[in-house]
Amino acid sequence: MRILPLVGGLLLSRGGRRVAGRNAGKLALALGAWELWRTYQRNRTPTGAPVATKAGTGPVRHNRRRRHPL
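Note that this is a predicted model, so its numbers are computed, not measured.

Cut-offs and rules
Residues numbered from 1 in each chain as written. Predicted model: local features only at pLDDT ≥ 70, side-chain atom pairs only at ≥ 80, totals over all residues. Heavy atoms only, no water. Helix = DSSP H or I, 4+ residues; strand = E, 2+ residues; numbered from the N terminus. Salt bridge = Lys/Arg side-chain N within 4 Å of Asp/Glu carboxyl O. Patch = residues over 30% accessible without salt bridge, like charges linked within 9 Å, V, L, I, M, F, W, Y side chains within 5 Å. Areas by Shrake-Rupley, 256 points an atom, 1.4 Å probe, with all protein chains shown as cover. Buried < 20%, exposed > 50% of the residue type's maximum accessible area, 1.4 Å probe, protein only.

**Student:** Describe the overall build of the protein chain, and please don't skip the residues or the numbers.
**Tutor:** From N to C terminus, the protein chain includes three helices and zero strands. For the protein chain, the N- to C-terminal ordering of α and β elements is α-α-α.

**Student:** So what's going on with the pattern of salt bridges? Which residues, and what values?
**Tutor:** Evaluated as defined, the whole model comprises one salt bridge. With a shortest N-O distance of 3.9 Å, Glu35 and Arg38 are connected by a salt bridge. Within this pair, Glu35 and its partner Arg38 are both found in helix H3 (residues 24–43), separated by three residues, close to a single helical turn.

**Student:** Explain a nonpolar patch on the surface residue by residue, including any values.
**Tutor:** On the surface, Leu31, Trp34, Trp37 and Tyr40 cluster together into a nonpolar patch covering about 430 Å² of accessible area. With respect to the secondary-structure elements, Leu31 resides in helix H3. Owing to a relative accessible area of 35%, Leu31 belongs among the partly exposed residues under this scheme.

So, to be careful, I would describe these as geometric facts and stop short of saying anything about function.
What follows is the structure, encoded as structure tokens:
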């Protein structure tokens with residue numbers, strides 16, 4: 001984890017604690033998005049690999065658009 005020493009350094013300094021306190025929500029959102037991206041990158045299929053799918057196993061799509069009576 002390269003980000004851990006950075007966060008630790010921020011929290012050790014007085015100015016870093018002030019910045020982290022004011023932007024705690026943004027920092028948490030950014031860390032969550034970064035973890036999600038990392039997990040996605042780790043679990044995705046290799047480029048060019050054939051993906052085996054069966055016909056008719058995809059999501060069911062319903063037309064939810066209603067017609068107006070006019």
